[in-house]
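# Structural features, examined
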Amino acid sequence: MRNFIISTDSTVDLPKAFIEENQIAIHPLNYIVDEVEYGVELEEIKPEDFYQNMKEGKMPTTCASNPDYISKMMTDQAKRGFDVLHISFSSALSSSYNNAAISANIVMDEVEGSKIVVVDSLSATVGQALMVFCAVEKKKQGESLEEIADWLVKNRKHFVHHFIVDDLHHLVRGGRLKKSSAVIGTALQIKPILHVNDLGELEPLAKIRGRKKALRTLVESIGDNMREQTMPAVFISHADCYEDATWVAGQINELYGIETVPIVDITPTIGAHTGAGCIVISYFGEKR
């Protein structure tokens, strides 16, 4: 069995140390602020500075993964004798899955004996991160690329990710909410709880009045939905609201006796569409 590399898109929210330790290859989805492009292998903006820019009215834009970059990366991996398992950002939210799938087919035609499998995570941020984490753990246990890919496809609709946003107008910019709804919701202090559905699309679950109540509802949504598992149970990411994220982690521990993995920042590519104040929780559940 050939050795294989696990790769994913930069929309994943994992600790940098975990990515480096497990040699996870990253396909960058860059972001643009004040006409300057940032991202993996380019100059980065610190998360707190990125969100401060947004608070000051600077509206960043984002890019899908670059097919040329992906092809070069996959070609290099294949020529070095590695197969590749790529876990992509949701195809419902970006063209990055298609870019990776097309590149994989081209490289496999050009490099004899190479095998590249691209799995659509139907996820983002810590939902995507949890899938990558599972893949890494299964690789350590000796499972093959094909076995891991089959398991991910079979179970991807059990990777739950629920989240809240603080500023509804960022959802309007992304086409996820009508402007009139954002105006009314802001006036009434409505904090919607959203999730990524079985198609990998953003979808509202509930409308909660007040942020603290929304955070509490986010925690309570875990309820009986979580599956028994040996992996760390809940992943948490946040957009410049670490205090709220630690409160959520503490409540999860208090209510369910669950230890969380380290809390991570939401990548700017995702944060550009959520704004500061977004909190995401992800776990392996009975249903999304």
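Residues numbered from 1 in each chain as written. Predicted model: local features only at pLDDT ≥ 70, side-chain atom pairs only at ≥ 80, totals over all residues. Heavy atoms only, no water.

Attention now moves to the overall build of the protein. Scanning the protein from terminus to terminus reveals 11 helices and 13 strands. Contacts spanning at least 24 positions in sequence make up 76% of the contacts within the protein whose residues lie at least 6 apart. About 13500 Å² of surface is accessible on the protein, with carbon and sulfur atoms providing 49% of the total. (Helix = DSSP H or I, 4+ residues; strand = E, 2+ residues; numbered from the N terminus. Contact = heavy atoms within 4.5 Å. Areas by Shrake-Rupley, 256 points an atom, 1.4 Å probe, with all protein chains shown as cover.)

This part takes up the packing of helix α5 (residues 125-140) against helix α6 (residues 145-155). As a packed pair, α5 and α6 sit with axes 10 Å apart at the nearest point and diverge in direction by 145°. The handedness of the crossing between α5 and α6 comes out as right-handed. Contacts between α5 and α6 involve Met131, Cys134, Ala135, Lys138 and Lys139 from the former and Ile148, Trp151 and Leu152 from the latter. Taken together, the residues of the contact of α5 with α6 sort by class into six nonpolar, no polar and two charged. (Axes fitted to C-alpha atoms, helices over the stretch in contact; angles between N-to-C directions. Left-handed = near helix turned anticlockwise from the far one by under 90°. Nonpolar A, V, L, I, M, F, W, Y, C, P; charged D, E, K, R; others polar.)

With that out of the way, let us pick up the sheet that holds strand β4 (residues 36-38). Strands in a sheet are paired, the pairing made by backbone hydrogen bonds, and the direction either parallel or antiparallel. Reading across from one edge, β4-β3-β5 is the order of the three strands in this open sheet, with antiparallel pairing throughout. The open sheet has two edge strands with one neighbour each: β4 and β5 (61-62). (Pairing = 2+ DSSP bridges.)

Before going further, it helps to examine the packing of aromatic side chains. When we look at a pair of aromatic rings, we describe it by the centre distance and by the angle of the planes. Here the structure, examined in full by the defined rule, presents eight aromatic pairs. Seen from their ring centres, Tyr31 and Tyr38 are 5.8 Å apart, and the 20° between their planes marks the pair as stacked. Residue Tyr31 is classed as buried on the basis of its relative accessible area of 1%. Exposure remark for Tyr38: the relative accessible area of 12% places this residue in the buried category. Relative to Phe159, the ring of Trp151 has its centre 6.1 Å away and its plane inclined at 85°; by these criteria the two rings are edge-to-face. A residue is classified by how much of its surface remains accessible, and Trp151, at 22% relative accessible area, is partly exposed. Since its relative accessible area comes to 0%, Phe159 is described here as buried. Members of the aromatic cluster, each reached through a chain of ring pairs, are Tyr31, Tyr38, Phe50 and Tyr51. Residue placement shows Lys139 over the ring face of Phe4; its charged tip is 4.8 Å from the ring centre. (Phe/Tyr/Trp six-rings, centres within 6.5 Å; stacked < 30°, edge-to-face > 60°. Buried < 20%, exposed > 50% of the residue type's maximum accessible area, 1.4 Å probe, protein only. Lys NZ or Arg CZ within 6 Å of the ring centre and 35° of its normal.)

Taking 1.5 Å per residue, 13 residues should reach 18 Å; helix α3 (residues 67-79) reaches 18 Å between its end C-alpha atoms and fits that length. Inspection of α3 places Ile70, Met73, Met74, Thr75, Gln77 and Ala78 among the buried residues, and these make up the whole buried set. A side-chain oxygen of the first residue of α3 lies 2.8 Å from the backbone nitrogen of Asp68; this N-cap is Asn66. After α3 finishes, the residue Gly81 shows a positive phi value of roughly 90°. (Expected span 1.5 Å × (residues − 1). Polar contact = N/O pair within 3.5 Å; in protein donor to acceptor, adjacent residues only side chain to side chain.)

Quick look at the pairing of strand β6 (residues 83-88) now. Working note: regular strand, side chains alternate between the two faces of the sheet. Counting buried positions along β6 gives six out of six residues, so the element sits mostly inside the fold. Here β6 shows no split at all, with Asp83, Leu85 and Ile87 on one side and Val84, His86 and Ser88 on the other all buried. The pairing of strand β1 (residues 4-9) with β6 spans five bridges and is classified as parallel. Note on β6: the bridge partner recorded for Ser7 is His86.

Once that is clear, we can look at the environment of Met74. Topologically, Met74 is positioned in helix α3. Note on Met74: relative accessible area 0%, which makes it buried. It is 7.1 Å that separates the C-alpha atoms of Met74 and Ala104, two residues lying 30 residues apart in sequence. Non-local contacts of Met74, meaning those with residues more than four positions away in its chain, are made with His27, Ala100, Ser103, Ala104, Val107, Ile116 and Val118.

Before going further, it helps to spend a moment on the sheet that holds strand β9 (residues 190-196). Spatially, six strands are ordered β10-β9-β8-β13-β11-β12 in an open sheet, and the strand pairing comes out mixed. Each of the sheet's edge strands pairs with one partner strand only, and the pair in question is β10 (202-209) and β12 (264-265). In the sheet, strand β11 (residues 235-238) pairs with strand β13 (residues 279-284) via four bridges, with the strands oriented antiparallel. Within β13, the position partnered with Ser237 by the bridge is Val280. Seen against the sheet, α5 touches β8 (159-164), β11, β12 and β13 and runs at an angle of roughly 35° to β13. Contacts from helix α10 (residues 242-256) reach β11 and β13, with the element oriented near 160° to β11.

For the structure on display, the rule yields eight salt bridges. Asp244 is paired through a salt bridge with Arg211; the nearest N and O atoms lie 2.8 Å apart. Remark: Arg211 occurs in helix α9 (residues 211-220) and Asp244 occurs in helix α10; sequence separation between them is 33 residues. The exposure classification of Asp244 matches that of Arg211, with both residues buried. Each of Asp166, Arg211 and Asp244 takes part in one network of salt bridges that share partners. (Salt bridge = Lys/Arg side-chain N within 4 Å of Asp/Glu carboxyl O.)

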